[in-house]
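Residues per chain are reported as follows:
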Amino acid sequence: MVESISIKRLSGDTDPSGSHWAAVRELCGRTANDGAAIAAERWPLFGEIWIEPYRKLLPDWTYVALVEDRVVGYLTGCPDTAGFVHRQFVRCTLPLLRHIVFGRFRGDSYGKRFVRQQLGLEKSVARRFPRPVRRQIATAFPAHLHMNVDADYRHGGVGTRLMMQYVDDLRRVQIPGVHLFCGGVPVPFYTRMGYCELSVAPVRGHNVHAMGLRL
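Predicted model, so just to flag it, every value in this text is computed and none were measured. (Residues numbered from 1 in each chain as written. Predicted model: local features only at pLDDT ≥ 70, side-chain atom pairs only at ≥ 80, totals over all residues. Heavy atoms only, no water.)

**Q** What exactly am I supposed to notice about the packing of aromatic side chains here?
**A** The geometry of two aromatic rings is summed up by the distance between their centres and the angle between their planes. Summed over the entire model, instances satisfying the criterion amount to seven aromatic pairs. Each ring, one from Tyr54 and one from Phe84, has its centre 4.9 Å from the other, and the planes form 25 degrees; the classification is stacked. In this pair, Tyr54 is assigned in helix H3 (residues 52–57) and Phe84 in helix H4 (residues 81–101), connecting sequence segments 30 residues apart. As far as burial versus exposure is concerned, Tyr54 and Phe84 are alike and both buried. (Phe/Tyr/Trp six-rings, centres within 6.5 Å; stacked < 30°, edge-to-face > 60°. Helix = DSSP H or I, 4+ residues; strand = E, 2+ residues; numbered from the N terminus. Buried < 20%, exposed > 50% of the residue type's maximum accessible area, 1.4 Å probe, protein only.)

In structure tokens, the structure reads:
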């Protein structure tokens, strides 16, 4: 299976029709619940929150795993999280907040949570971790990533290949480390990839793990 899979780094030039980005958004919805699907009516909002900023601001740091041009996995990444967060808020988050407030995603409770987090009324996942951990992440592990793989293609090396390509590209631009937040299920995979556990924080009844890899 692995031999038939290719890894492509996206940009406007490599995906002029936008079909790969559309497939990434769909796969995000099919894997958003710790690897399982969320309700289809919630996919548009999740795509706006978790995919659109990377398409708009950092398209060349997104990677897809392809089988005959079908997306079976993706990795969205960023070499400079602090800079990205600022640009994301101005260019993506503020417009999305207006859409949510004026009812574009009416009925999706996640939209209300997103608004509360942006207004500082509820802590985001990253802010659930102690301040020293957040400082450590910012200085030693400034890059970050999100990765999901189609259920039919897990445990076949797809995630490993996506990760290796991303890490190689980070090393080429001399980034010192990369971090991610995840539930408990993928922790063994990231540990095998060389990540260490930096901290664990409870989020709505579940543990979220902060993982870091020095490059």
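**Q** Help me understand the nonpolar core in this model?
**A** In a soluble, globular protein the nonpolar side chains are often hidden away together inside. Core analysis: the largest hydrophobic core is formed by 34 residues, its most contacted members being Leu145, Met147, Met163, Tyr166, Val178, Tyr190 and Tyr195. Here this core gets six residues from one element, more than from any other, and that element is helix H7 (residues 158–172). Of all hydrophobic cores here, the second largest spans 11 residues; its members include Ile38, Leu96, Phe105 and Tyr110. (Core = buried A, V, L, I, M, F, W, Y, C linked by side-chain atoms within 4.5 Å.)

**Q** How should the environment of Ser6 be read in this particular structure?
**A** Within the secondary structure, Ser6 sits in strand E1 (residues 6–9). Given a relative accessible area of 37%, Ser6 falls into the partly exposed group.

**Q** Honestly, the pattern of salt bridges in this entry has me stumped. Any pointers?
**A** Here the structure, examined in full by the defined rule, presents 11 salt bridges. Three or more residues are tied together by salt bridges with common partners; here these are Arg25, Glu48, Glu52 and Arg55. (Salt bridge = Lys/Arg side-chain N within 4 Å of Asp/Glu carboxyl O.)

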